[in-house]
Amino acid sequence: MGFHINESHLGPGATKKDVGEAIYELEGLGWEVQYGDGPTWKEVLASDPDELAAFEADLEPFIRG
């Protein structure tokens, strides 16, 4: 089950390079993440609160703000 992230998900000033680095790290943690617009983790993981919380915890270090 994969989903997408882009600059808007990382916050103000995030670049495509930042997103690429986040995707690389998140894939290393076992997440199926792609760059761009499409289903987000919030949509894909909506039915599984534990997975949603786990992904958001893994994403947190990359969020600017």
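All figures in this text were calculated on a predicted structure; none of them were measured in a lab.

Conventions adopted
- Residues numbered from 1 in each chain as written.
- Predicted model: local features only at pLDDT ≥ 70, side-chain atom pairs only at ≥ 80, totals over all residues.
- Heavy atoms only, no water.
- Helix = DSSP H or I, 4+ residues; strand = E, 2+ residues; numbered from the N terminus.
- Expected span 1.5 Å × (residues − 1).
- Buried < 20%, exposed > 50% of the residue type's maximum accessible area, 1.4 Å probe, protein only.
- Arc of directions from axis to C-beta.
- Contact = heavy atoms within 4.5 Å.
- Salt bridge = Lys/Arg side-chain N within 4 Å of Asp/Glu carboxyl O.

### Examining helix 2 (residues 16-28)
Two residues of an α-helix separated by three or four positions point the same way, owing to the 3.6 residues in each turn.
And then number 1: Between its terminal C-alpha atoms helix 2 stretches 18 Å, which fits the 18 Å expected from 13 residues at 1.5 Å a residue.
And then number 2: Every buried residue of helix 2 is accounted for by Asp18, Val19, Ala22, Ile23 and Leu26. The buried side chains of helix 2 occupy one side of the element, clustering within an arc of 135 degrees when seen end-on. More than 90 degrees from the buried face of helix 2, the exposed residues found are Lys17, Tyr24 and Gly28.
And then number 3: Residues of helix 2 that are buried sit in contact with strand 1 (2-5), helix 1 (7-10), strand 2 (32-35) and helix 4 (49-59).
And then number 4: Of the residues flanking the end of helix 2, it is glycine 30, one or two places downstream, whose phi is positive at about 100 degrees.

### Points about the pattern of salt bridges
And then number 1: Per the counting criterion, the structure on display carries one salt bridge.
And then number 2: The shortest N-O distance in the salt bridge between aspartate 18 and arginine 64 comes to 2.7 Å. Here aspartate 18, found in helix 2, pairs with arginine 64, found in the segment after helix 4; they are 46 residues apart in sequence, far enough to count as distant.
And then number 3: Looking at aspartate 18, the relative accessible area reads 16%, which means it is buried.
And then number 4: Note on arginine 64: relative accessible area 39%, which makes it partly exposed.

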